[in-house]
Amino acid sequence: MSDTAISRKRDGFAGQQAIVLPKSVIEICSETPPVSSMYITDMGFYPKAQFHYRQRLDGVPENILIYCVDGKGWAQMPDKGIVPVKTGEFLIIPTGTPHRYGADETHPWSIFWLHIKGEQATTIARLMMDSGKSHINAVPFDEERVRLFDEMYYALEKGYGLDNLIYVNMTLWRFLVSFIQSDKFTLAKKTTDKDAISKTIDYMQESIDASLKLDDFAAYVNISPSHYSALFKKKTGYAPIEYFNHLKIQKACQYLQFTDLRIGEIAQKVGISDQYYFSRLFRNIMECPPVDYRKKRLFVEDNPPEHF
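Enquirer: What's the story with the sheet that holds strand β8 (residues 99-103) in this structure? I'm lost.
Expert: Two strands in a sheet stick together by hydrogen bonds in their backbones, pointing the same way (parallel) or opposite ways (antiparallel). Judged by pairing direction, the sheet is antiparallel, and its four strands sit side by side in the order β3-β8-β5-β6 without closing on themselves. Only two strands of the sheet have a single neighbouring strand rather than two, namely β3 (53-56) and β6 (83-86). If you compare each strand with its neighbour and ignore which way they point, the axes differ by 15 degrees on average. Pairing geometry for β3 and β8, over four bridges, is antiparallel. Residue pairing for β8: Gln 55 is matched across the bridge by Arg 100.

Enquirer: Could you clarify how one ought to interpret the packing of aromatic side chains in this entry?
Expert: Each aromatic ring pair is specified by the distance between its two centres and by the angle formed by the two planes. Inspection of the entire model under this criterion finds 20 aromatic pairs. Taking the centre distance of 4.6 Å and the plane angle of 65 degrees together, the rings of Phe 112 and Phe 149 count as edge-to-face. One end of the pair, Phe 112, is in strand β9 (residues 110-117); the other, Phe 149, is in helix α3 (residues 143-157), with 37 residues separating them in the sequence. Each member of the pair, Phe 112 as well as Phe 149, is classed as buried. Between Tyr 238 and Tyr 243, the ring centres sit 6.1 Å apart and the planes meet at 75 degrees, which makes this aromatic pair edge-to-face. Residue Tyr 238 is classed as buried on the basis of its relative accessible area of 11%. Taken together, the ring pairs in this structure connect Phe 45, Tyr 67, Phe 90, Phe 112, Phe 149, Phe 175 and Phe 179 into an aromatic cluster. Over the aromatic face of Phe 179 sits the side chain of Arg 145, whose NZ or CZ is 4.9 Å from the ring centroid. The side chain of Lys 251 reaches across the aromatic face of Tyr 255, ending 5.6 Å from its centre.

Enquirer: Explanation requested: helix α7 (residues 225-236) in the structure shown.
Expert: Within an α-helix, residues lying three or four positions from one another point in the same direction, as the helix has 3.6 residues per turn. Across its 12 residues, α7 extends 16 Å between first and last C-alpha, which sits within 8% of the 16 Å expected from 1.5 Å per residue. For α7, the full list of buried residues reads Tyr 228, Phe 232 and Thr 236. One face of α7 carries all of its buried residues, which in axial projection span an arc of 40 degrees. Turned more than 90 degrees from where α7 packs its buried face, Ser 226 and Lys 234 sit exposed. In this structure, the buried residues of α7 make contact with α4 (162-180), α5 (196-206), α6 (214-220) and α8 (240-258). Positive backbone phi, approximately 85 degrees, marks Gly 237, located one or two places after α7.

Reading the values: rules and limits
Starting afresh in each chain, residues are numbered from 1 along the sequence in its written order. Side-chain atom pairs in this predicted model are given and counted only at pLDDT of 80 or more, local residue features only at pLDDT of at least 70, and totals for whole chains, interfaces and linings cover all residues. The side-chain values count all of the structure's non-hydrogen atoms but skip hydrogen atoms and water molecules. When DSSP locates at least two bridges between a pair of strands, those strands are taken to pair. Under the scheme used here, helices are H or I runs from DSSP no shorter than 4 residues and strands are E runs no shorter than 2 residues, and both carry numbers assigned from the N terminus. For helices, the fitted axis covers only the stretch in contact; all axes are lines through C-alpha atoms, and the angles between them, taken along N-to-C directions, range from 0 to 180 degrees. Centres within 6.5 Å are what make two rings of Phe, Tyr or Trp a pair, Trp counting through its six-membered ring; a difference in plane orientation under 30 degrees is then read as stacked, over 60 as edge-to-face, and the rest as tilted. Whether a residue is buried, partly exposed or exposed follows from its accessible area with a 1.4 Å probe, protein chains only, as a fraction of its type maximum: under 20%, in between, or over 50%, in that order. Comment: the charge-over-ring label is applied if NZ (Lys) or CZ (Arg) is within 6 Å of the ring centre and within 35 degrees of the ring normal. A helix is expected to span 1.5 Å for every residue after the first. Relevant arc is that of directions from the helix axis to the C-beta atoms, nothing else. By the convention used here, residues are in contact when the closest approach between their heavy atoms is within 4.5 Å.

Put into structure tokens, the structure is as follows:
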């Protein structure tokens with residue numbers, strides 16, 4: 001795999017999805033059983049990710065899972081040559097392991113990916129490698145596995161309430177079991193009726209570009225504002241407007257990572273007319289200014305070395 005033959009990019013693909021949890025939320029996960037045993041810090045889906053490339057000479061604090069569902073790519077870790085990753089295969093990169101990987105030039109991969117931390121995360125990563133005695137293993141395609149990924153992703157899109165975090169990271173165990181024991185993995189679809197709070201969270205997501213108040217959400221489900229606020233705080237751990245702001249900033253992160261929109265334009269797209277207020281809110285939640293977040297997520301290392 002020639003380094004000079006590829007025009008590299010880390011992110012920014014048509015149809016991509018990505019969520020990066022704020023540090024404050026990751027701290028809650030690390031300190032709250034049962035979530036602390038294993039939890040997601042980042043996740044996403046990159047379809048037909050042409051020129052996708054990542055290099056981390058010092059590794060990362062999380063264990064990385066990459067699941068290729070179409071096309072192909074490659075990966076390299078210390079003391080190993082460049083190894084192909086094909087459709088139906090998954091790649092595990094343990095915490096702290098230097099690595100680089102990328103999409104095939106001709107048939108770029110479509111990948112689901114997760115960064116996972118927690119007390120049991122490394123143990124589970126080793127089990128996933130032991131399932132095939134390698135960092136790269138194959139599993140039969142199963143729609144339920146993809147459904148579970150989508151379920152976790154869309155749950156996180158609804159915000160970072162403790163109930164959501166517990167649900168997502170308990171679901172994570174079943175998702176990972178589908179790789180460890182794919183032969184025992186069975187389909188199990190469930191449907192649930194949405195309560196008033198879930199309905200308003202859906203409404204929040206559909207109204208990210210609007211400037212809504214507590215009364216608007218309460219009226220949407222025909223509950224008094226005071227009672228609605230108490231119910232919302234009990235279910236999610238956040239006040240309604242605080243939760244709504246988290247969703248706005250989450251969407252703003254995606255605009256920063258995947259578009260060239262200016263900060264003011266992004267603020268407008270998430271329903272905030274005052275760019276300076278938007279920047280303060282962003283910094284308060286993500287612990288860095290929007291400009292720094294964009295630079296951090298989009299930085300591409302020029303002329304990376306051929307070997308570690």
